[in-house]
Amino acid sequence: MTDPTHTAAEPPFGRLLTAMVTPFDDKGDLDLGAARALAAHLVDDLRHDGLVINGTTGEAPTTSDEEKAAIIAAVAGEVGDRAHIVAGVGTNSTRHTCELARQAAEAGADGLLVVTPYYSRPPQEGLLAHFGAAADATDLPVMVYDIPSRAGIPVLTETMIALADHPRIVAVKDAKGQLVESAKVMAATDLAYYAGDDAITLPLLSVGGVGLIGTSTHFSGLLARDLIDAWVGGDPARALELNRRALPVFTGVFAAQGCSMVKATLARQGRPVGGLRAPQVMPADDLVDTYVDTLRAAGIF
């Protein structure tokens, strides 16, 4: 349902998305029924505009290509008529990334999330070639995922501005933590910037960002939606009030690995989605207890 063209009032993937966890059954296999149910809950109950499937929070490094296609197809079949389905396809191999991009398009995705190639640390000209090849692989719009803490290298400001020349590179998931540099790119391009770290949502909105791709939003979706809507609707005081309420929720989900805290807390909420694939492990009970208390204090749980 995504149109590669967009305006400031109509971001290419909506304003609120969650990087959805990947449910597994008791044997550690994909649980597509649970994936459909969780997707419907996020979209219909928590007012999401879209979902990112096969991201890091979805444990994509541990799922096979066949599993990636299966969960995209399942989620697209469940909510694709009313939400943007963005498929994580980034790897540290350009060839494999392009293969996953084509597979995602065939499975029903309507947008692609491409992370900076991790570990290999290519130079900036390598990043230009990598993202360009991924964008050329299909007709789908592409979001660049800039997360130096995991990838090992940033997408420099000049590189991001150059990437904006590609007609299908339309957005950025920004987890770099350099708001001034992000603001420079937004001033020079039409790239739609989404917060890739829940806690920078309001700061990023204040310099031109359009929304959030969250992790805590498995629970805080309504609160995040109200915050974004308040800012976009011209009520910064209300947005600030909501941000202060949401901040412990936004940050607390990362007291452990985001995917592990989400899965453990969903189980406490009565929405079990299974365990984690190694090398991830479930968080200690006291960490989950603390996060549940944080959600309750915010009026969520």
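Criteria and cut-off values
Residues numbered from 1 in each chain as written. Predicted model: local features only at pLDDT ≥ 70, side-chain atom pairs only at ≥ 80, totals over all residues. Heavy atoms only, no water. UniProt positions renumbered as here; feature names shortened; annotations may be inferred. Buried < 20%, exposed > 50% of the residue type's maximum accessible area, 1.4 Å probe, protein only. Helix = DSSP H or I, 4+ residues; strand = E, 2+ residues; numbered from the N terminus. Pairing = 2+ DSSP bridges. Axes fitted to C-alpha atoms, helices over the stretch in contact; angles between N-to-C directions. Contact = heavy atoms within 4.5 Å. Expected span 1.5 Å × (residues − 1). Salt bridge = Lys/Arg side-chain N within 4 Å of Asp/Glu carboxyl O. Phe/Tyr/Trp six-rings, centres within 6.5 Å; stacked < 30°, edge-to-face > 60°. Lys NZ or Arg CZ within 6 Å of the ring centre and 35° of its normal.

Per an unreviewed UniProt entry, the recorded name for the chain is 4-hydroxy-tetrahydrodipicolinate synthase, and the organism is Raineyella fluvialis. What UniProt states about the chain under its Subcellular location (unreviewed entry) heading is, verbatim, "Cytoplasm".

The next subject is the pairing of strand β4 (residues 111–115). Burial runs high along β4: 5 of the 5 residues are buried. Neither face of β4 is left uncovered, since the one carrying G111, L113 and V115 and the one carrying L112 and V114 both have all their residues buried. As paired elements, strand β3 (residues 84–88) and β4 share 3 bridges and run parallel to each other. Note on β4: the bridge partner recorded for A87 is L112.

Right, let's talk about the sheet that holds β4 for a bit. Strand order in the closed barrel made by the 8 strands is β1-β2-β3-β4-β5-β6-β7-β8, with parallel pairing throughout. Each strand axis lies, on average, 25° off the axis of its neighbour in the sheet, ignoring direction. Pairing of strand β1 (residues 16–19) with strand β2 (residues 50–53), which is carried by 3 bridges, proceeds in the parallel orientation. Along β2, the bridge assignment pairs T18 with L51. Helix α2 (residues 65–79) contacts β2 and β3 of the sheet and is inclined by roughly 170° relative to β2.

The next point concerns the UniProt feature "active site" (unreviewed entry) in the chain. Feature annotation in UniProt places "active site" (unreviewed entry) on Y145 and K173, given in this structure's numbering. A maximum C-alpha distance of 4.7 Å places the annotated residues, which cover 29 residues in sequence, within one compact spot. Among the structural elements, Y145 can be located in strand β5 (residues 142–146). Of the residues examined, Y145 reaches a relative accessible area of 7% and is grouped as buried. Apart from residues lying up to four places away in sequence, Y145 is in contact with L113, V114, V115, T116, K173 and A175. One can find K173 in strand β6 (residues 169–174). Judged by its relative accessible area of 6%, K173 falls in the buried class.

This part is about helix α12 (residues 285–297). A rise of 1.5 Å per residue sets the reference length of α12, with its 13 residues, at 18 Å; its end C-alpha atoms lie 18 Å apart and thus fit the reference within 8%. Lining the buried residues of α12 we find α9 (217–232), α10 (236–252) and α11 (258–268). Phi for G299, located one or two positions after α12, is positive at around 80°.

The next point concerns the pattern of salt bridges. Evaluated as defined, the whole model comprises 14 salt bridges. Here D81 makes a salt bridge to R82, at a shortest N to O gap of 2.9 Å. Residue class for D81 comes out exposed when judged on its relative accessible area of 62%. Taking the relative accessible area as the measure of exposure, R82 reaches 34% and is therefore partly exposed. Close ionic contact of R225 with D229 constitutes a salt bridge, the shortest N to O distance being 3.7 Å. With a gap of 4 residues between them, R225 and D229 both fall in helix α9, about one helical turn apart. Counted as one network, the salt bridges with shared partners bring together R47, D49, R225, D226 and D229.

Before going further, it helps to spend a moment on the UniProt feature "site: Part of a proton relay during catalysis" (unreviewed entry) in the chain. According to UniProt, the positions carrying the feature "site: Part of a proton relay during catalysis" (unreviewed entry) are T56 and Y119. Mapped onto the elements, T56 comes out in the loop between β2 and α2. Looking at the secondary structure, you find Y119 in the loop between β4 and α4 (124–136). Owing to a relative accessible area of 72%, Y119 belongs among the exposed residues under this scheme. The residues contacting Y119, other than those within four sequence positions of it, are N92 and A151.

Take the packing of aromatic side chains next. Tallied over the entire structure, the rule returns 2 aromatic pairs. Look at F13 and Y194: their rings are 6.4 Å apart centre to centre, the planes differ by 50°, and that puts the pair in the tilted class. Here Y194 lies in strand β7 (residues 192–195) and F13 lies in the segment before β1, a separation of 181 residues in the sequence. For the residue pair F13 and Y194, the accessibility class agrees, reading buried in each case. A centroid spacing of 6.2 Å and a plane angle of 70° characterise the contact between F219 and Y291, whose relative ring orientation is edge-to-face. Note that F219 is positioned in helix α9 and Y291 in helix α12, a separation of 72 residues in sequence. Positioned above the aromatic ring of Y145, the side-chain terminus of K173 is 4.2 Å from the ring centre.

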